[in-house]
Amino acid sequence: QAQLVESGGGLVQAGASQRLTCVVSGRTLSMYAMGWFRQAPGKEREFVAAINRSGGSSGYAGSVKGRFTISRDDARNTVYLQMNDLRPEDTAVYYCAANEVHLRYTYFSMAQDYDYWGQGTQVTVSS
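Okay, so let's go over this structure. (Residues numbered from 1 in each chain as written. Predicted model: local features only at pLDDT ≥ 70, side-chain atom pairs only at ≥ 80, totals over all residues. Heavy atoms only, no water.)

## Concerning the state of the cysteines
To keep it simple, the criterion reads: In this description, a disulfide is simply a cysteine sulfur pair whose atoms lie within 2.5 Å. Here a strand is any run of E in DSSP of at least two residues, a helix any run of H or I of at least four, and the numbering for each starts at the N terminus. Three labels apply to residues, based on accessible area from a 1.4 Å probe with only protein chains included: buried if under 20% of the type maximum, exposed if over 50%, partly exposed otherwise in between.
Counted under the stated rule, the structure contains one disulfide. Note on cysteine connectivity: C22 is disulfide-linked to C96, with sulfurs 2.1 Å apart. What sets the handedness of the C22 and C96 disulfide is the S-S torsion sign, and at about -80° it is left-handed. With C22 in strand β3 (residues 18–25) and C96 in strand β9 (residues 92–99), the pair connects residues that are 74 residues apart, well separated along the chain. Overall, C22 belongs to the buried group, its relative accessible area being 0%. Given a relative accessible area of 0%, C96 falls into the buried group.

## Overview of the sheet that holds strand β1 (residues 3–7)
Counted only if it meets this: At least two DSSP bridges between two strands are required for those strands to pair. Lines fitted to C-alpha atoms define the axes, with helix axes restricted to the stretch in contact, and inter-axis angles between N-to-C directions lie between 0 and 180 degrees.
An order of β1-β3-β8-β7 is seen for the four strands of this open sheet, with the pairing classed as antiparallel. Two strands lie at the open edges of the sheet, namely β1 and β7 (68–73), each paired on one side alone. If you compare each strand with its neighbour and ignore which way they point, the axes differ by 15° on average. As defined by bridge partners, β3 adjoins strand β8 (residues 78–83) across six bridges and the pair is classed as antiparallel. In the strand pairing of β8, C22 is matched with V79.

## Digging into the nonpolar core
Heads up, the rule is: Take the buried residues of types Ala, Val, Leu, Ile, Met, Phe, Trp, Tyr and Cys, join any two whose side-chain atoms come within 4.5 Å, and each joined set is a nonpolar core. When checking whether two residues touch, look at their non-hydrogen atoms; a contact exists if any pair is within 4.5 Å.
Among the nonpolar cores identified, the biggest contains 36 residues, and L4, M34, W36, L81 and Y94 are the most heavily contacted of them. Of all the elements in the fold, those that place two or more residues in this core are β3, β4 (33–39), β5 (46–51), β7, β8, β9 and β11 (121–126). Sequence-distant contacts of L81, that is, excluding residues within four places in its chain, are made with Q18, R19, L20, W36, V48, A49, F68, T69, I70 and Y94.

## Observations concerning the pairing of β3
Sheet analysis places β1 next to β3, joined by five bridges and oriented antiparallel. Looking across to β3, one finds that S7 is bridged to T21.

As structure tokens, then:
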């Protein structure tokens, strides 16, 4: 069973950049397709970004495309979310998720497709 721990959240100014980190333990990261989701107060959890097991394909929500980048470093069992040009509407708890299906070239944008979740890290963007 995998354990996921996110870090890197905090209070930032609008227009700033921030990088979130997700460290996976218990299993090697290479076993998983990975994703980032976020949930703002009073709203449902939404997809942010995902990357396949090989690292060669990724996808983004329209609201973050061009601003956010997901990447992975399997040697360090770590996934990153680089967030640029942050906006107040990006304020949310950000969750890292792992998909255990053994498909190397597929990534997933639906929360129901993920098997393991981190505890979340709060990102607050002030205007």
